[in-house]
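Working through the structure, step by step
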Number of protein chains: 2
Amino acid sequence: MSAPAEEIAHALSRLALYWRAAGWRAAGAQGLTPTQAEILSRLAADGPMRSGDLARQLGVSAPTLTDAVSTLAAKGLAGRQPDPLDRRAARVVLTPRGAETAALLPEMPEAIAPVLDGLADSERAGLLRGLTLVIRGLQEAGAIPVQRMCLTCRHFRPHAHEDAARPHHCAFVDAAFGDGALRLACADHEEAPEEERARHFARFAAVA
Amino acid sequence: MSAPAEEIAHALSRLALYWRAAGWRAAGAQGLTPTQAEILSRLAADGPMRSGDLARQLGVSAPTLTDAVSTLAAKGLAGRQPDPLDRRAARVVLTPRGAETAALLPEMPEAIAPVLDGLADSERAGLLRGLTLVIRGLQEAGAIPVQRMCLTCRHFRPHAHEDAARPHHCAFVDAAFGDGALRLACADHEEAPEEERARHFARFAAVA
DNA sequence: GGAATTATATTAGGAATCCTAATTAATAAC
DNA sequence: GTTATTAATTAGGATTCCTAATATAATTCC
C-alpha cells in the first residue's frame, strides 16, 4: 500500500540513465569519455589514488580501469607512480594538464542545477536526507564503497539538539546543522569505529 | 548556506555509478548487457515501440540503439516490424523468448530492495516526492523525455484534500493518495494539456 | 503536382567500455 | 622457504557509443 519502493527504484533508474547520457555530453566537450572524466574528477578531488581504489569507486573492473588510465596517459592527462609502501600497487596521478582539464569539468549535468535550485529548501533537505540514507544502506550492505560522509564520521552527532531545523551536530566544526547540510564527501571526515557508526545510523534514521 | 545542491548531485552521481554497475551484473546473469536488458524491459512494459522512441528513452543515439537491437535480434530476443503508419519507421518487438527473458530481469538491483524497505514510510515518501520533482524539472527543461507520471496526467489533482497524509486525488480511480503513492509510469496515464500541467506542477511544488 | 525540406533509421568507421580468464610480481601466511 | 593471497596488467572479444554519411519515406512549400 504505502510501498513506493518500486517507484523510487524506477525514478533512480531514469535518473541514472540521464546521468550517463549527460556524462557523455559533458565529458565529450573536453574530448573525454564519462569514465575518463570521472577518473580525473576523483583524482582532482582526492589526490593520487591506487588503481584498485579507483576501480571500486567507479564500480568497474580492474582491467577497465587500467584501460582508461592508459588512455588518459596517452593523452598526457594522467600517469602512474609506484606506491612506495606496496610495490605491487600503482598510484594514478594527474599531470598538470590533467588537473587543468579536471577543473573544466562541470560538477553536475547542466540541466540539473536550475532544477535543484528551484526546489524549496525543505524539498532539497528531504531529498538529500533520503539519498544519504540509501547510500548509507548500500554501503552497509557492501554494495558500494564507504565514503567520507557524515553518517560514518566520528565527528557526527545525530539529533544532538532540540532544534528541529538543525538537530545534528558536527564536533569538528562544533556547530549544529540540519538534514540540508549533510555531507557525502567531507574533507574533515574521520571514519568512526563500527559500533559508533551503527549507533549513529540507528539514531539518525529512527527520528523521522 | 542551506544549498545542498552539490551534495544532492554528488549523491545522484554515486547512485548512478552504482546503478550502472549493478545493471551489468543483473543483465549479465541473462547473458545481456545493461542496454539490451533495458530495451527488453521497456518493450515488456510498454509493448512494441519505435526505434527512435527507445533511443530517446534510453538516452543513447539512434545508431547505438540500432546496434543493440541488431544484437538482440541475433540472439532471437527481439525483432523489427515495419510501422504501418509510417513506412520510414521500424517498430521493435519482443519475440516470445525475449518476453520470457524480460520476465527474468529484476525490477531493481538486488541490494537496493532491502535498503528501501528499511526506510520509514515518511522517508520513502519524501524521497519519492523529491525525485519526482527532479524528474519533472528535467522533463520541463527538455533534458529527459516525458513519461507517464502523475505530474503530467489529466487525472491528477494535487492537494485536493485537507488530509495531510493523502492530499492528492486521482480522478481516474477516484481516490485520495499521498506523496508515497506518486506514480512515474502509470498504465492509466493520460497526458494533460500544457496549461494544466504547469498549473498542477506549481500547486504540487508550492505546498511543501 | 513536384521540389525542397524534414524525419526515420541504417550503414560506415573507429575509439573506448567492459567483461572474464590468464599472467606477472610482490606481499603475507605458515 | 614454500604456499597462498593480493595488486595490477595483458589477452581476447563482444558491445557500447559516438559522428558523419546514406537511403528512404513523409511533409511542406510553391
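Residues numbered from 1 in each chain as written. Chains lettered and ligands numbered in written order. Predicted model: local features only at pLDDT ≥ 70, side-chain atom pairs only at ≥ 80, totals over all residues. Heavy atoms only, no water.

With an unreviewed UniProt entry as reference, chain A is termed Transcriptional regulator SlyA, source organism Pseudogemmobacter humi.

**Structural notes on the packing of aromatic side chains**
Residue and element names in this part refer to chain A. Evaluated as defined, the whole model comprises 2 aromatic pairs over all chains. A ring pair is formed by Tyr 18 and Trp 19, whose centres lie 6.3 Å apart and whose planes are at 90°; its orientation type is edge-to-face. When sorted by exposure, Tyr 18 lands in the same class as Trp 19, which is buried. (Phe/Tyr/Trp six-rings, centres within 6.5 Å; stacked < 30°, edge-to-face > 60°. Buried < 20%, exposed > 50% of the residue type's maximum accessible area, 1.4 Å probe, protein only.)

**Overview of the pattern of salt bridges**
If you walk through the whole model with that rule in mind, you get 16 salt bridges over all chains. Linking Arg 136 of chain B and Glu 140 of chain B is a salt bridge whose minimum nitrogen-to-oxygen distance equals 2.8 Å. With Arg 136 of chain B and Glu 140 of chain B both in helix H7 (residues 121-140) and 4 residues apart, this pair spans about one turn of that helix. Overall, Glu 140 of chain B belongs to the partly exposed group, its relative accessible area being 43%. Three or more residues are tied together by salt bridges with common partners; here these are Arg 50, Asp 83, Asp 86 and Arg 88 of chain A. (Salt bridge = Lys/Arg side-chain N within 4 Å of Asp/Glu carboxyl O. Helix = DSSP H or I, 4+ residues; strand = E, 2+ residues; numbered from the N terminus.)

**Some remarks on the protein's contact with DNA strand D**
Taken together, 26 residues surround DNA strand D, and among them Thr 66, Arg 80 and Arg 88 of chain A together with Thr 33 and Ser 61 of chain B come closest. Considering the 4 Å shell around the protein, atoms of DNA strand D inside it are sugar or phosphate in 71% of instances. A distance of 3.5 Å separates a phosphate oxygen of DNA strand D from a polar atom in the backbone of Ser 51 of chain A. The contact in question runs from a phosphate oxygen of DNA strand D to an N or O atom on the side chain of Thr 66 of chain A, over 2.8 Å. Listing elements by their share of the surface near DNA strand D, those giving two or more residues are helix H3 (51-58) and helix H4 (62-74) of chain A together with helix H2 (34-46) and helix H4 (62-74) of chain B. It is H4 of chain B that contributes the most residues to the surface near DNA strand D, 5 residues altogether. Taken together, the residues that form the surface near DNA strand D break down as 8 nonpolar, 9 polar and 9 charged. (Near = heavy atom within 4 Å. Polar contact = N/O pair within 3.5 Å; in protein donor to acceptor, adjacent residues only side chain to side chain. Nonpolar A, V, L, I, M, F, W, Y, C, P; charged D, E, K, R; others polar.)

**Points about the pairing of strand S3 (residues 90-94) of chain A**
Residue and element names in this part refer to chain A. In the sheet, strand S1 (residues 49-50) pairs with S3 via 2 bridges, with the strands oriented antiparallel. Residue pairing for S3: Met 49 is matched across the bridge by Val 92. Sheet analysis places strand S2 (residues 78-82) next to S3, joined by 5 bridges and oriented antiparallel. Looking at S3, one finds that Arg 80 is bridged to Val 92. (Pairing = 2+ DSSP bridges.)

**Observations concerning the interface of chain B and chain A**
Counting from both sides, the interface comprises 60 residues of chain B and, opposite them, 60 residues of chain A. Interface area for chain B against chain A, summed over the two sides, is near 5,600 Å², with a carbon-plus-sulfur share of 72%. Between chain B and chain A we count 2 salt bridges in total. Among the ionic pairs, Arg 129 of chain A bridges to Glu 123 of chain B, the shortest N-O distance being 2.8 Å. The tally of links from chain B across to chain A stands at 2 residue pairs in polar contact (both at pLDDT 80 or more). Sorting the residues of the side of chain B that touches chain A by element identifies helix H1 (5-28), H2, helix H3 (51-58), helix H6 (112-118) and H7 of chain B as the ones contributing at least two each. A per-element tally of the side of chain B that touches chain A places H1 of chain B first, with 17 residues. Among the residues forming the side of chain B that touches chain A, the class breakdown is 36 nonpolar, 10 polar and 14 charged. (Contact = heavy atoms within 4.5 Å. Buried area = accessible area lost by both parts, 1.4 Å probe.)

**Some points on the nonpolar core**
With 66 residues, the main nonpolar core has Leu 131, Val 134 and Leu 138 of chain A together with Leu 131, Val 134 and Leu 138 of chain B as its most contacted residues. Elements that contribute at least two residues to this core include exactly helix H1 (5-28), helix H6 (112-118) and helix H7 (121-140) of chain A together with H1, H6 and H7 of chain B. Excluding its chain neighbours within four sequence positions, the residues that come into contact with Leu 131 of chain A are Leu 12 of chain A together with Ile 8, Ala 11, Leu 12, Leu 15, Leu 127 and Leu 131 of chain B. (Core = buried A, V, L, I, M, F, W, Y, C linked by side-chain atoms within 4.5 Å.)

**Looking at the protein's contact with DNA strand C**
Near DNA strand C there are 26 residues, and of these Thr 33 and Ser 61 of chain A together with Gly 52, Thr 66 and Arg 80 of chain B occur at the shortest range. Per the 4 Å cut-off to the protein, sugar and phosphate atoms form 72% of the nearby atoms of DNA strand C. At a separation of 3.1 Å, a phosphate oxygen of DNA strand C approaches a polar side-chain atom of Thr 64 of chain A. Counting residues per element, the ones that place at least two in the surface near DNA strand C are helix H2 (34-46) and H4 of chain A together with H3 and H4 of chain B.

**Some words on the sheet that holds S1 of chain A**
All names here are of chain A. Strand order in this open sheet of 3 strands is S1-S3-S2, and the pairing throughout is antiparallel. If you trace the sheet from one side to the other, it starts and ends with S1 and S2, each paired once. Lying over the sheet, H4 contacts S2 and S3, oriented at roughly 115° with respect to S2. (Axes fitted to C-alpha atoms, helices over the stretch in contact; angles between N-to-C directions.)

**Thoughts on the UniProt feature "domain: HTH marR-type" (unreviewed entry) in chain A**
The feature "domain: HTH marR-type" (unreviewed entry), as annotated in UniProt, sits at residues 5-136 of chain A in this numbering. In residues 5-136 of chain A, the share of helix is 68% and the share of strand is 9%. The end C-alpha atoms are 17 Å apart. (UniProt positions renumbered as here; feature names shortened; annotations may be inferred.)

**Things to note about the environment of Val 93 of chain B**
Residue and element names in this part refer to chain B. With respect to the helices, strands and loops of the structure, Val 93 is situated in strand S3 (residues 90-94). Judged by relative accessible area, which is 13%, Val 93 ranks as buried. Considering only alpha carbons, one finds Val 93 and Ala 141, 48 residues apart in sequence, at a separation of 30 Å. The residues touching Val 93, leaving out its near neighbours within four places in the chain, are Leu 43, Pro 48, Leu 77, Ala 78, Gly 79 and Gln 81.

**Quick look at the sheet that holds strand S5 (residues 168-170) of chain A**
All names here are of chain A. The strand order S4-S5-S6 describes an open sheet built from 3 strands, whose pairing is antiparallel. Both edges of this open sheet fall to strand S4 (156-157) and strand S6 (175-177), since each of them pairs with a single strand only. Strand direction decides the pairing type here: S5 and S6, joined by 3 bridges, are antiparallel. The residue of S6 that forms the bridge with His 169 is Ala 176.

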